[in-house]
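Per-entry structural report
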Number of protein chains: 2
Amino acid sequence: MINQRPKTRATQKQHSHVKTLTLASKMVRKSIIKPTLVIVFLLLAFYAFFNTKLNSADTLLYVSRENAVVFHGNSSPVKVYMYDLPRKFTYGVIESFAMARGGLKGPVDDVSLLKYPGHQHRAEWYLFADLNRPDRSGSPVTRVLDPAEADLFYVPFFSSLSLTVKPIRAANVAGDGLGYVDEEMQEGLIEWLEEQGYWKRNNGWDHVIICQDPNALYKVVDRVKNGVLLVSDFGRLGRDQGSLVKDVILPYSHLIKTFDGDVGVESRKSLLFFMGNRYRKEGGKIRDMLFQLLEKEEDVIIKHSAPSRESRRAASQGMHTSKFCLHPAGDTPSACRLFDAIVSLCVPVIVSDYIELPFEDVIDYRKIAVFVDTNSAVKPGYLVKLLRTVSTERILEFQQELKKVKQYFEYEDVNGTVNEIWRQVSLKVPLIKLMINRDRRLVKRDLPEPDCSCLCSNQSGIHTTL
Amino acid sequence: MINQRPKTRATQKQHSHVKTLTLASKMVRKSIIKPTLVIVFLLLAFYAFFNTKLNSADTLLYVSRENAVVFHGNSSPVKVYMYDLPRKFTYGVIESFAMARGGLKGPVDDVSLLKYPGHQHRAEWYLFADLNRPDRSGSPVTRVLDPAEADLFYVPFFSSLSLTVKPIRAANVAGDGLGYVDEEMQEGLIEWLEEQGYWKRNNGWDHVIICQDPNALYKVVDRVKNGVLLVSDFGRLGRDQGSLVKDVILPYSHLIKTFDGDVGVESRKSLLFFMGNRYRKEGGKIRDMLFQLLEKEEDVIIKHSAPSRESRRAASQGMHTSKFCLHPAGDTPSACRLFDAIVSLCVPVIVSDYIELPFEDVIDYRKIAVFVDTNSAVKPGYLVKLLRTVSTERILEFQQELKKVKQYFEYEDVNGTVNEIWRQVSLKVPLIKLMINRDRRLVKRDLPEPDCSCLCSNQSGIHTTL
């Protein structure tokens, strides 16, 4: 689909030369005989001169690019090898999911009949489908079919979908996944992986493993922690399992409709909107407190709801007609709601102190969202008072910025989330290669503490970015 | 000395156009009057055509780069702003150094009269000179003159040379630097830096600071630790000051002559060579032990020596005629000797358990060096026995690999160390931008421990890579 590339420069050049020379010869044919030689000579000289210029420029470019590859190591696109996992880890998961819900009677031969279901942790599907695209031009990574050529190894287990085939907290739902047990799948993946020579070669450092749902791979994550983990946040990961240096934060796949209208506040009558589960574990306790504080406010819509098609429709409507959209922490610091708000051009108000955000090297979230620390947010009157001080002009600025970055959160966009995820993954390669090379030559030594390279953040923090 | 770059392409093009047009006008002047118009028309058409071609190619390149900038953030070359530091921090240091040694009577107006002296921590000079080159094509970074455009800020204080103007451990050498006090310079730099708006803006995260000598900036390093430090190793830095994630390891500037001959062992009669200080502090205690073990071995040359022109000549001779060159830890884990060995095609034998190595993402040092852990190396007979088992074929393989990577250690090479340092620095940008954006929006929170992102290494280690 990205096939409409211009012809190569060389072809274009050739065609045009032919045209120009034909025109030239027609024009000089008549009155002049001796001068013809002069003209031809001049034209040839001119042609030769420019041709040389062009060629030398090309060569220069070529040589310097070649040098870059040979000498600078990582300047060429990163090469990714996708494991051909046993079917049960990919299409098999979709199949079990569909069978458990009665959508499918039994296994199918033709995988194109299987439709990956819609949910918020769909990145695993998009990345898998992307690497399977025959034409991958425009992608920041190259897929290689020979593992010996690979910089990175992608493990395409549908770990998030696998979790939901037989939901953890609902063993008795209609259809029990026909004996499907996610934990067994996780163990099975590790068994399979640990038999691979490329996995053993570098202890998994150069492997990319997706576990977008904070619970995905929970049972075995400690055995894959050396790899680049593609996650939603570090809420369920230990300090030695996940880090901004090693891993990539993925956006959720937004569930509500993208707002296609322009910036503006006319049709956004309510100040603040939230719809979702009022009661959550751990970091999400704040939700109930916010409900108590906000449900009395006139221009605030805050509703408890469980996921359903109906509530999704209502949430779309609410987010498209509100100036601000609340994002409180859930069971873990991140949630789909943030990305729903972004594509709704509804300025996110983030009350989640430990949230990690996708693509933060290229997105300055202060420009598109308001951050408020939990302690301040639960002070009576604080939040609405703060938001009411924001001028229309400022809201429009936020919306303009939201429009600019929206593309990063559209998994379906050909130059959207998937490309950006691969770019983020690519950025890890130099450090991965360094660590691999270094690990191989490290000799035995007396270490007073673990040998870690760290980047530490400012400890102070602010109350709000407004 | 890195000035011999070709003229910029634009200039070349202009000059040649003028030449060609002059030649053309001379040739057509005489016999033809009417055809002159035709010729001129043709020439102009031809010129315009090619010019458009050239420009459209340029534009294409430009547009695609622009796209990259808008959406993919960091795909364009990293933009570096070099501070115009007060003269005393750059040329002033060279001046004081020369004056302290009697090579200069007093300050000079013309800085081109100042020659940066030869020593092993000369990267500060090469980077400064590189950024000052008018034509920087081929460099992985772009220099910008407007700090508002910069991704990174380079602080070109000659911190390593400054240390030696008045050597620390020799206050009474001839000439005392005429009142020059390095510590005051360090403090002065910080005072100056802390007045800069760009320094304050991101707490120094986006600043690149060179302190190649392990003692350089020792008094103030804690105040610049947020920046990308360009260092030889982390021997004198705390865990919170230096790390592989944030900083860049530089090679020393080799002091002995590059070996220009081919691979081979015929002229390399001795097995192992070392020349240098037998007695060192801290990590260097192993040296004396190695001397005791090795000085009786027949095919090993191990000599105590202090730095001098004579000893350097002898070391060149020794390294060019030995198969292996010993690199024991010195006061800190790194030393110039490793790089002398590399350019001598003398296979380094590294006995320095905590050494960090430059450019380890693109160089697999196991291919060019032998690593031996300290405990094994000091066992009687172990080291020579190990090295004697290495076949000629294997030594030739090491030498072949050494030849391939030599370029990385040649500061004078136009596509050598300096470009690679900038490439390494460029690689830090995405993480720096992420940390800057993140720091600005982090709200107050209760942290059980510092907020660090880490990458931890294998804890086991091996006895030797052979």
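Conventions used here
- Residues numbered from 1 in each chain as written.
- Chains lettered and ligands numbered in written order.
- Predicted model: local features only at pLDDT ≥ 70, side-chain atom pairs only at ≥ 80, totals over all residues.
- Heavy atoms only, no water.
- Domains from an automatic or database assignment.
- Contact = heavy atoms within 4.5 Å.
- Buried area = accessible area lost by both parts, 1.4 Å probe.
- Salt bridge = Lys/Arg side-chain N within 4 Å of Asp/Glu carboxyl O.
- 1 Å grid on protein atoms, 1.4 Å probe; cavity = no way out; pocket = protein on both sides within 12 Å on 5 of 7 lines; lining within 4 Å.
- Points joined across faces, edges and corners; volume = space filled by probe spheres on them.
- Helix = DSSP H or I, 4+ residues; strand = E, 2+ residues; numbered from the N terminus.
- Nonpolar A, V, L, I, M, F, W, Y, C, P; charged D, E, K, R; others polar.
- Buried < 20%, exposed > 50% of the residue type's maximum accessible area, 1.4 Å probe, protein only.
- Pairing = 2+ DSSP bridges.
- Axes fitted to C-alpha atoms, helices over the stretch in contact; angles between N-to-C directions.

Observations concerning the domain arrangement of chain A
Residues and elements named next belong to chain A. Each assigned domain of chain A is listed with its residue range as follows: domain 1 (9-72), domain 2 (78-249) and domain 3 (270-409). Computed over C-alpha atoms, the centres of domain 2 and domain 3 are 30 Å apart. Between domain 2 and domain 3, the contact holds ten residues from the first and eleven residues from the second. Taken together, the two surfaces of domain 2 and domain 3 that pack against each other cover about 820 Å², and 53% of this comes from carbon and sulfur. By the criterion of area lost to domain 3, the three top residues of domain 2 are Asp 233, Arg 236 and Ile 249, representing 54% of everything that side buries. On inspection of domain 2 and its partner domain 3, the count reaches zero salt bridges.

Topic: empty space enclosed by the protein
Vacant regions in the atomic arrangement are exposed by a probe of water-molecule size rolled over the atoms. On inspection of all chains with the given rule, the structure shows nine cavities of 30 Å³ or more. Taken as a whole, the largest cavity holds about 420 Å³ of empty space. Along the walls of the largest cavity sit 30 residues, with Leu431(A), Val245(B), Leu427(B), Lys428(B) and Leu431(B) positioned nearest its centre. Those elements that place two or more of their residues in the lining of the largest cavity are helix 15 (417-441) of chain A together with strand 6 (248-249), helix 15 (417-427) and helix 16 (429-441) of chain B. Residues that form the lining of the largest cavity fall into these classes: 21 nonpolar, two polar and seven charged. Each pocket or cavity is described by its volume, and for the second largest cavity that value is around 80 Å³. Along the walls of the second largest cavity sit Leu244(A), Asp247(A), Val248(A), Ile249(A), Leu357(A), Pro358(A), Phe359(A), Glu360(A), Gln424(A), Lys428(A) and Leu434(B), which together make up its complete lining. Per-class residue counts for the lining of the second largest cavity are seven nonpolar, one polar and three charged. The residues that make up the lining of the second largest cavity include at least three from each of domain 2 (78-249) and domain 3 (270-409) of chain A.

Observations regarding the pairing of strand 4 (residues 207-210) of chain A
All names here are of chain A. Burial along strand 4 is two-sided: the face carrying His 207 and Ile 209 and the face carrying Val 208 and Ile 210 are both buried. Sheet topology places strand 3 (residues 152-155) next to strand 4; three bridges connect them, and they run parallel. Counterpart to Tyr 154 in the pairing with strand 4 is Val 208.

Notes on the sheet that holds strand 9 (residues 322-328) of chain A
Residue and element names in this part refer to chain A. Ordered in space as 8-7-9-10-11, the five strands form an open sheet in which the pairing is parallel. Each edge of the sheet is formed by a strand with only one pairing partner; in this case those strands are strand 8 (300-304) and strand 11 (370-371). Running over the sheet, helix 9 (residues 286-294) touches strand 7 (270-276), strand 8, strand 9 and strand 10 (347-351) and is turned about 135° from strand 8. Running at roughly 95° to strand 10, helix 14 (residues 392-405) makes contact with strand 9, strand 10 and strand 11 of the sheet.

Observations concerning the sheet that holds strand 8 (residues 300-304) of chain B
All names here are of chain B. Strand order in this open sheet of five strands is 8-7-9-10-11, and the pairing throughout is parallel. Looking along the sheet, the strands with just one partner apiece sit at the ends: strand 8 and strand 11 (370-371). Bridging between strand 10 (residues 347-351) and strand 11 involves two bridges; their strand directions are parallel. Residue Ile 350 lies in a different strand from strand 11, and its bridge partner there is Phe 371. On top of the sheet, helix 14 (residues 392-405) reaches strand 9 (322-328), strand 10 and strand 11; it is set at about 95° to strand 10, its chief contact.

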